[in-house]
Amino acid sequence: GAVVSQHPSWVICKSGTSVKIECRSLDFQATTMFWYRQFPKQSLMLMATSNEGSKATYEQGVEKDKFLINHASLTLSTLTVTSAHPEDSSFYICSVLLGGGEQFFGPGTRLTVL
Amino acid sequence: AQTVTQSQPEMSVQEAETVTLSCTYDTSESDYYLFWYKQPPSRQMILVIRQEAYKQQNATENRFSVNFQKAAKSFSLKISDSQLGDAAMYFCAYRRAFTGTASKLTFGTGTRLQVTL
């Protein structure tokens, strides 16, 4: 498997501000990472696929200018929620893609926008 | 597009008993992977078991086993000797049989499993 961390685990911010969430692969060099969003009592919805050294691939309906993804190294991908609003409040989860096609998930980040 | 359906929003099982969670999926692919993930209250997603579509033998991991019916596009999870720590949300997931960016997971809506004494 792979060990994946996320930071912060919980963040509260004011409406209109930007928030950065980090996803780190601690023991595996990840060419590909994924970002998911999970609303309470709902399933995981894929937001984007993050590829090291190239632009992320966003799912239909996800605003790429609002959810900025940077995958500058093989161990770090970041998700920045720009000009956050209360409707962006959610649980954000990243995962790392291993060579065999399996994904291992980070512990998630709870975002609360006031 | 592939879809994954979990028709049981909630299930309950007594400790030490056996429970089966249902999952059906729709795909036009012949080769793919199916997964069951567990999400406990901590919300950390944990891989429980995986099944390759080209394998006829059902996957087994200790107390967890699957009943994979490819023709019926059914993939149920059986938990034997249920323990309190099995209480969680369980998600069924599908992935095409490619690596790279095609390795996106499609998740079902989840089944919340309660384990009672």
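Structure shown above.
Visitor: How should I be thinking about the overall build of chain A in this particular structure?
Guide: Secondary structure assignment for chain A yields zero helices and eleven strands. Taking 2.2 N^0.38 as the reference for a compact globule, 114 residues should give roughly 13 Å; the C-alpha atoms of chain A span a radius of gyration of 13 Å, in line with that estimate. For chain A, the C-alpha atoms occupy an extent of roughly 40 × 25 × 20 Å along the three principal directions. Expressed as a percentage of its 114 residues, the buried residues of chain A come to 51%.

Visitor: Which parts of the structure should I look at to understand the interface of chain A and chain B?
Guide: Accessible area lost upon the coming together of the parts is a frequently used measure of interface size. Facing 22 residues of chain A, the contacting portion of chain B comprises 20 residues. The contact between chain A and chain B buries some 1800 Å² in all, and 53% of this surface belongs to carbon and sulfur atoms. Sorting the residues of chain A by area buried against chain B places Ser43, Glu102 and Phe105 of chain A first, and these three jointly supply 26% of that buried surface. For the pair chain A and chain B, the number of links is two salt bridges. Between lysine 104 of chain B and glutamate 59 of chain A there is a salt bridge whose closest N-O contact spans 3.2 Å. Taken together, the links from chain A to chain B amount to eight residue pairs in polar contact (both at pLDDT 80 or more). At the level of secondary structure, the elements contributing two or more residues to the side of chain A that touches chain B comprise strand 4 (32-38), strand 5 (44-51), strand 9 (90-97) and strand 10 (103-105) of chain A.

Visitor: When you look at the pairing of strand 11 (residues 109-113) of chain A in this model, what are you seeing that I'm missing?
Guide: Where a strand is regular, its side chains alternate between the two sheet faces. Residues and elements named next belong to chain A. In strand 11, alternate side chains face the same way, and those of Thr109, Leu111 and Val113 are buried while those of Arg110 and Thr112 on the opposite face are not. Relative to strand 11, strand 2 (residues 10-13) runs parallel, the two sharing four bridges. Within the sheet, the bridge partner assigned to cysteine 13 lies in strand 11 and is valine 113.

Visitor: I would appreciate a short explanation of the pattern of salt bridges in the present structure.
Guide: Between side chains of opposite charge, a pair can form when the charged atoms approach closely. Tallying each qualifying case throughout the model produces nine salt bridges over all chains. In this structure, arginine 24 of chain A and glutamate 22 of chain A form a salt bridge, with 3.5 Å as the shortest nitrogen-oxygen distance. The partly exposed category is assigned to glutamate 22 of chain A, whose relative accessible area is 22%. With a shortest N-O distance of 3.9 Å, glutamate 52 of chain B and lysine 55 of chain B are connected by a salt bridge. Note on glutamate 52 of chain B: relative accessible area 13%, which makes it buried. According to the relative accessible area criterion, lysine 55 of chain B is partly exposed, its value standing at 39%. The network of salt bridges with shared partners includes Glu102 of chain A together with Arg50, Glu52 and Lys55 of chain B.

Visitor: How should I be thinking about the state of the cysteines in this particular structure?
Guide: By definition, a disulfide links the sulfur atoms of two cysteines through a covalent bond. Enumeration according to the criterion identifies two disulfides over all chains in this entry. Note on cysteine connectivity: cysteine 23 of chain A is disulfide-linked to cysteine 94 of chain A, with sulfurs 2.0 Å apart. An S-S torsion of about 80° defines the bridge between cysteine 23 of chain A and cysteine 94 of chain A as right-handed. With a gap of 71 residues between them, cysteine 23 of chain A in strand 3 (residues 19-25) and cysteine 94 of chain A in strand 9 connect regions that are remote in the sequence. Note on accessibility: cysteine 23 of chain A and cysteine 94 of chain A belong to one class, buried. Paired through a disulfide, cysteine 23 of chain B and cysteine 92 of chain B show a sulfur-sulfur distance of 2.0 Å. Taking the sign of the S-S torsion, -70° for the link of cysteine 23 of chain B and cysteine 92 of chain B, the bridge is left-handed. Linking cysteine 23 of chain B in the loop between strand 3 (19-21) and strand 4 (24-26) with cysteine 92 of chain B in strand 10 (residues 88-96), this pair joins segments that are 69 residues apart in sequence.

Visitor: When you look at unusual backbone geometry in this model, what are you seeing that I'm missing?
Guide: Glycine aside, residues mostly have negative phi angles, and peptide bonds mostly take the trans form. For the peptide bond that leads from histidine 7 of chain A to proline 8 of chain A, omega is 0°, which places it in the cis range. Residue position: proline 8 of chain A is located in the loop between strand 1 (4-7) and strand 2. For serine 83 of chain A, which is not a glycine, the phi torsion comes out positive at approximately 45°. Mapped onto the elements of the fold, serine 83 of chain A is located in the loop between strand 8 (76-81) and strand 9. Among the residues examined, serine 83 of chain A registers a relative accessible area of 33% and is labelled partly exposed. A positive phi is found at alanine 16 of chain B, a non-glycine position, where the angle reads about 80°.

Visitor: Help me understand a nonpolar patch on the surface, please; the structure alone is not making it clear to me.
Guide: Taken together, Trp10, Ile12 and Leu114 of chain A make up a surface patch of nonpolar side chains, about 370 Å² in accessible area. Tracing the backbone through its elements, the reader meets isoleucine 12 of chain A in strand 2.

Analysis parameters
- Residues numbered from 1 in each chain as written.
- Chains lettered and ligands numbered in written order.
- Predicted model: local features only at pLDDT ≥ 70, side-chain atom pairs only at ≥ 80, totals over all residues.
- Heavy atoms only, no water.
- Helix = DSSP H or I, 4+ residues; strand = E, 2+ residues; numbered from the N terminus.
- Rg over C-alpha atoms; globule rule 2.2 N^0.38 Å.
- Buried < 20%, exposed > 50% of the residue type's maximum accessible area, 1.4 Å probe, protein only.
- Contact = heavy atoms within 4.5 Å.
- Buried area = accessible area lost by both parts, 1.4 Å probe.
- Salt bridge = Lys/Arg side-chain N within 4 Å of Asp/Glu carboxyl O.
- Polar contact = N/O pair within 3.5 Å; in protein donor to acceptor, adjacent residues only side chain to side chain.
- Pairing = 2+ DSSP bridges.
- Disulfide = S-S within 2.5 Å.
- Patch = residues over 30% accessible without salt bridge, like charges linked within 9 Å, V, L, I, M, F, W, Y side chains within 5 Å.
- Areas by Shrake-Rupley, 256 points an atom, 1.4 Å probe, with all protein chains shown as cover.

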